[in-house]
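Listed below, chain by chain, are the residues.
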Amino acid sequence: MYRKRVLVVEDNELNREILREILSVEYHVLEAENGQTALKVLQEHKSSISLIFLDVMMPVMDGYTFLDRIRSDRELSLIPVVVTTQSNSEADEVTALSRGATDFVPKPYRPEVILHRAASLIKLRESAAMVNQFKFDRLTGLYTREFFYQKVGEYLTENPNTDYTIVCSNIVNFKVFNDAFGTIAGDRLLQQIADSVRNMVGENGLYARYGADRFLCLVERGRELQDRLAMENHSGKPDNMKNIVMKWGVYEITDRSVQVEKMCDRAFLAADSIKSQYNQHVAVYDDVLRDKLLREQAITESMETALNEGQFTVYLQPKYCLHDDRLSGAEALVRWIHPEWGFMSPGEFIPLFEKNGFITQLDRYVWERVCSLLHDWKQKGYPDIAVSVNVSRADVYQADLPETLSGLINQYGIEPQQLHLELTESAYTENPNQIIATVDQLRQQGFIVEMDDFGSGYSSLNMLNQMKLDILKLDMKFIQTETAKPAEQGIMRFVVNLARWLNLSVVAEGVETRAQLERLREVGCDYVQGYFFSKPLPVPEFEKLLREQTVHSMESVCYPQELPEQKVLVVADADPDYRERVRVTFSGMYQVVEAADGQSAFYKVQEYGKGKVLAVILGMDLPNDGAAAFLRTLRNDPVLWRIPVLSAIPPEMVSDEFVQQLDTDDFLCKNHPMCDLRRRASRMIGLTDCRKKALDLENEACRDFLTKLLNRRGLETAVDALRLEDFPVAVYLFDLDNLKQVNDQHGHEAGDALISSFAEVLRRNTRASDLLCRYGGDEFVVILRHISSKETVLKKGEAICREFNGIPQANGIHASCSGGVVMSSQDEKFTQKLIDRADEALYQAKRQGKGICCVWEAPEPALAMSTH
């Protein structure tokens, strides 16, 4: 269970021991022998320390100096301090309290009094913290949105003759920054921007963090305001913020009866209006934006009436099959013909309906209208075709979505495969688990699911890897961009081939030119739609096409064919019986090629080549050390090195040390059932040919910019992919002991060189399958898979520390790192708790002397730690 942390600062070892014995019954006790050491402990653990017991008379730094130091720090000053002293002098007590102490207890200690005081002060601090959480943003220290609203109301009431302006801001592409550099760097950037906001507003205004990367200010109105805001983007920034661009929205308060929330909304509306304008940084809420709001309000007030009066109508845009150039289906698009406003642009009302939730009612109207049309066409004897309808993000969250759609199918007597369901990939990014479950249920009911707008978001490849689909629909802008490039420079062929591998059909929308059509035909696209063939048509005109054109019937729908050429699986093992069992297991799936030694196995791989060899099953007991020789030769080959290898290990060779040295993608003990081999090999092949291609393109967002190790986001993704077979794992947390000193004395370039040097040490001391992450500025997380020996784990940590500590650095810098490690059990899932335990072990290592590694051990019964 989680235990609150208490810091005891006392130079007398006996007194520290007494306090530790008293407090450890309820708390996790940290210790420091003087004020200077205590400040270092606070820097490492300040967010988790609940209370400090402080002796006044100490060497190096006494208690009064310590109180002065923490009182100057906004965060540390919130921690309550109990002063302990043998003096009962009222003057000493007043001095301590005046310098920031919270309470005062005399020596000798009375255990019950100590425990009651500690519990009361911690409870009082937590109550105050809850109030502060309402008032102040935890990350930046600015007001929260709700408290800002309250304070603005008070300002406006108390200063009726002063003109005020609401100013909002947000960071351009903050999400990209967060993904590229990690959340720690993102948080640091937000803190720096908060400091800039404080400096800009000064003492005569208010400031708050609205949420995420958005900030709010209340300032007195002045002519120079816009110039001041524009200058924020061009001067006075720290070096690491030079490329950060802010967009500012300004709302001048003229009507104080408007709710403060609406004032802020209008300021944000102004900022959003220049989001895509490169050289425009400040926008003022004016009549243009006011007219836009009034227009949206008018549309909102008219939408229910429009639906009831039949103002919405369905248009159909034809789809054509590129294999025979025949009409193969259509996409249903909604149009609004208003009696006063005329033909309304979908780009105007659809985003608004998605925002206010009316899109769910409109979608259901379109679904029913399309089902009715399909029923009518069937009655008229028209050819069976499929019509695609849009399923919005809001629809996915409706629990009755599958029942609603199946009910319409039954009501109109049509087949579910006639109604194709288009979901946008942005729906996946918001709630992947929800959409995956919904898609599975819809496909089980017989519906065809299309992923719309593919290529418009960064998450597409990850989505393909996790969600079962039928059709991939390429985004119009993606088509236009890719067809404008030379064929060898684009990725469209790769995307179509990836779809082939996943057995998906491919539809391209927005085809407008002959050149686009021919490029799509060349790369193997299945279906197309766009103005080159036909604009969206009213129902009567589309029915005329059905009567006059040859239709590509649903029975001959051109779904992608299976790969025609059988792929090769190489099995290299000295045992002919084992090779025969592998051949029988994969018969009908792959062409199994056998080899009895390492050299002939590599020749077989070379003979069939990278494009045809899917994987190698390698017996690790090949004669003459043949397995090791095969792996060295394969991994050094510039063409074949990526072919995945599954090692089959004889039981007598299995050990932690042996597994640690393997350079293979997966392994099994050789007494495995063949069904396990089939499952593991198939999964490995699938990951290699599909997932790795996807991860290659997304890799940059999950990598630390400097070291190319995983960043926090990458670690989370990799941890989520851990399998049961990977456990138990060892989780290390390493810390570079003197990085701050190096940065201060030699500059950040030297610090970066030190960080890069440590990353190389980690690479040299781990396997390719282990997880390496730069967790923070000077912290690194390493996860070793499938390891259960504490001795091996400790030796590995000590080897890493020893190698790094011995590397000579430029400028006479002494390199040093410390480490903590925790081992999971076989059935223990990976959680933040493991990293927290590694952190405790790291702290123990630093206390014993920097440059070593410690293993965390469970307390029994009091807190305990291995002291290796």
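Residues numbered from 1 in each chain as written. Predicted model: local features only at pLDDT ≥ 70, side-chain atom pairs only at ≥ 80, totals over all residues. Heavy atoms only, no water.

Please explain the packing of aromatic side chains as it appears in this structure.
The way to describe two aromatic rings as a pair is by their centre distance and the angle between their planes. Within this structure, the stated rule accounts for 25 aromatic pairs. Note on Phe-181 and Phe-705: the rings are 5.7 Å apart at their centroids and 55° apart in plane angle, and the pair reads as tilted. One end of the pair, Phe-181, is in helix α7 (residues 174-181); the other, Phe-705, is in the loop between α27 (674-698) and α28 (712-720), with 524 residues separating them in the sequence. Here Tyr-732 and Phe-734 contribute two aromatic rings whose centre-to-centre distance is 5.5 Å and whose plane-to-plane angle is 5°, an arrangement assigned as stacked. (Phe/Tyr/Trp six-rings, centres within 6.5 Å; stacked < 30°, edge-to-face > 60°. Helix = DSSP H or I, 4+ residues; strand = E, 2+ residues; numbered from the N terminus.)

Can you walk me through the sheet that holds strand β3 (residues 49-55) in this structure?
Strand order in this open sheet of five strands is β2-β1-β3-β4-β5, and the pairing throughout is parallel. Single-partner strands in this sheet number two, and they are β2 (28-32) and β5 (103-106). The sheet shows a mean angle of 25° between the axes of neighbouring strands, taken without regard to direction. Inspection of the sheet shows β3 paired to strand β4 (residues 81-85) by four bridges, in the parallel sense. Opposite Phe-53, over in β4, you have Val-82 as the bridge partner. Packing against the sheet, helix α1 (residues 13-23) makes contact with β1 (5-9), β2 and β3, and its axis sits at approximately 165° to β2. (Pairing = 2+ DSSP bridges. Axes fitted to C-alpha atoms, helices over the stretch in contact; angles between N-to-C directions. Contact = heavy atoms within 4.5 Å.)

Is there a simple way to think about the pairing of strand β9 (residues 246-252) in this case?
When a strand is regular, its side chains alternate between the sheet's two faces. Counting buried positions over the seven residues of β9 gives six, a clear majority of the element. In terms of strand pairing, strand β6 (residues 164-171) meets β9 through seven bridges, oriented antiparallel. Its bridge partner being in β9, Ile-171 is matched across the sheet by Met-246. Looking at chain direction, β9 and strand β10 (residues 282-284) are connected through three bridges and run parallel. (Buried < 20%, exposed > 50% of the residue type's maximum accessible area, 1.4 Å probe, protein only.)

Would you mind showing me how to read the pairing of β2 here?
The buried fraction of β2 amounts to five of the five residues, a majority that puts the element mostly inside the structure. Alternating residues of β2 divide into His-28, Leu-30 and Ala-32 and Val-29 and Glu-31, and every residue in both groups is buried. Crossover connection from β1 via α1 to parallel β2: handedness right-handed. (Right-handed = clockwise from strand over helix to strand, strands pointing away.)

Please clarify how the sheet that holds strand β7 (residues 206-211) should be interpreted in this entry.
In sheet architecture, strand pairing relies on hydrogen bonds along the backbone and comes in two forms, parallel and antiparallel. If you trace the five strands from one edge of the open sheet to the other, you get β7-β8-β6-β9-β10, paired in mixed fashion. At either margin of the open sheet sits one strand with a lone partner, and together these are β7 and β10. Direction aside, neighbouring strands of the sheet carry axes that sit 20° apart on average. Seen against the sheet, helix α6 (residues 145-158) touches β6, β7 and β8 (214-220) and runs at an angle of roughly 150° to β7. Sitting on the sheet, helix α8 (residues 183-201) is in contact with β6, β7, β8 and β9, with an inclination near 5° to β8.

Can you walk me through helix α22 (residues 539-548) in this structure?
Residues lying three or four places apart along an α-helix face the same way, a consequence of the helix completing one turn every 3.6 residues. Among all positions of α22, only Val-539, Phe-542, Glu-543, Leu-545 and Leu-546 are buried. The arc that holds every buried residue of α22, seen down its axis, measures 150°, which confines them to one face. Structural note: α22 exposes Pro-540, Arg-547 and Glu-548 on the side pointing more than 90 degrees away from its buried face. In the core, the buried residues of α22 are packed alongside β11 (312-321), β12 (326-338), α13 (359-380) and β20 (537-538). (Arc of directions from axis to C-beta.)

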